[in-house]
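Structural characterization, general
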Amino acid sequence: MNTMTLGSLAVLTLTNPAEAARRLLEYRLGREVLWLGFCLAVILNALVQFGFEYLLPVPDGMDAPPPEPIFMSLIRSGTLMMFSIAAFLFAGRLLGGRATFNEIMTLTVWLQYLQITAMFITLLLAIAIPFLMVLFLFATAIVSLYVTLHFLNEAHKFGTLWKSFGVIVLSALVAVPFVLAVTPSAPV
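This one's a predicted model, so the numbers in the text were calculated from it and none came from an experiment. (Residues numbered from 1 in each chain as written. Predicted model: local features only at pLDDT ≥ 70, side-chain atom pairs only at ≥ 80, totals over all residues. Heavy atoms only, no water.)

1. Let's talk about a nonpolar patch on the surface
Side chains of F50, Y54, L55, I70, F71, M72, I75 and I127 sit close together on the surface and give an oily, nonpolar patch of about 770 Å² of accessible area. When residues of the nonpolar patch are traced back to their parent elements, those giving at least two are α3 (31-55) and α4 (70-94). For the nonpolar patch, the element with the highest residue contribution is α4, accounting for four residues. Looking at where Y54 falls in the secondary structure, it is placed in helix α3. (Patch = residues over 30% accessible without salt bridge, like charges linked within 9 Å, V, L, I, M, F, W, Y side chains within 5 Å. Areas by Shrake-Rupley, 256 points an atom, 1.4 Å probe, with all protein chains shown as cover. Salt bridge = Lys/Arg side-chain N within 4 Å of Asp/Glu carboxyl O. Helix = DSSP H or I, 4+ residues; strand = E, 2+ residues; numbered from the N terminus.)

Following this line, the structure appears as structure tokens:
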């Protein structure tokens, strides 16, 4: 990453995600680097979730839900991220894509870092300016979808964002029962 800083790559991801995906894929990161990046993303995600559980004020008259053990948060985060990598890979292949596991993992891990950054900003907004948090979450969801469509298109070499959208829809259809299975139910 000597020719481009992480910050400029993040800006490129937001302004021209297809070009950012091509540059990320050109690095051809080894499995060791990818797995290290994956594990770091899981840990950072758990830390931000921990921040949401412990730093956000609880409205008057409501009890704070019991915090989840950090170990369970790590397992759930890692499982969900690995599931999304597998779902994007296999759904893309069903639609004629040619991405490899390493390519999907590279782009998914990078996107995860950007989403962790967005979650951290959301946490800060929730503490300092709560009414802006909802707007920021909405904008983050839109930008995340936009970037993911382009990343999948580049990785699978579809040539059309519609197939990328199909990958997201197929992945979501498979993900709903899976996410419900690994997410703890709220106490009644």
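2. Here we look at helix α6 (residues 130-156)
In a regular helix each residue adds 1.5 Å, so 27 residues correspond to 39 Å; α6 covers 39 Å between its end C-alpha atoms and thus fits that length. Within the sequence span of α6, burial applies to M133, S144, V147, T148, L149, H150, F151, L152, N153, E154, A155 and H156. K157 sits one or two positions beyond α6 and adopts a positive phi of about 55°. (Expected span 1.5 Å × (residues − 1). Buried < 20%, exposed > 50% of the residue type's maximum accessible area, 1.4 Å probe, protein only.)

3. Points about the pattern of salt bridges
This model, assessed by the stated rule, comprises four salt bridges. It is possible to trace a salt-bridge network through shared partners that takes in E19, R22, R23 and E154.

4. Points about the environment of L124
Of note, L124 is situated in helix α5 (residues 101-128). C-alpha separation for the pair L124 and F52, spaced 72 residues apart in sequence, amounts to 9.5 Å.

5. Topic: the environment of L25
Examined against the element boundaries, L25 turns out to sit in helix α2 (residues 17-26). Taking the C-alpha atoms as reference points, L25 and N102, 77 residues apart in sequence, are found 9.0 Å from one another.

6. Thoughts on the nonpolar core
Residues F38, I104, L107, W110 and F151 are the most contacted members of the largest nonpolar core, which totals 34 residues. If you list the elements that add at least two residues to this core, you get α1 (6-15), α2, α3, α4, α5, α6 and α7 (161-182). Looking at which element gives the most residues to this core, the answer is α5, with eight residues. Discounting residues that sit within four places of it in the chain, F151 has contacts with T13, P17, A20, A21, L24, L107, W110 and L111. (Core = buried A, V, L, I, M, F, W, Y, C linked by side-chain atoms within 4.5 Å. Contact = heavy atoms within 4.5 Å.)

7. Things to note about unusual backbone geometry
Working note: non-glycine residues mostly have negative phi, and peptide bonds are mostly trans. Residues other than glycine seldom take positive phi values, yet R28 does so here, at roughly 45°. Structurally, R28 can be placed in the loop between α2 and α3. Of note in the backbone geometry, K157 takes a positive phi value of approximately 55° without being a glycine. On the secondary structure map, K157 appears in the loop between α6 and α7.

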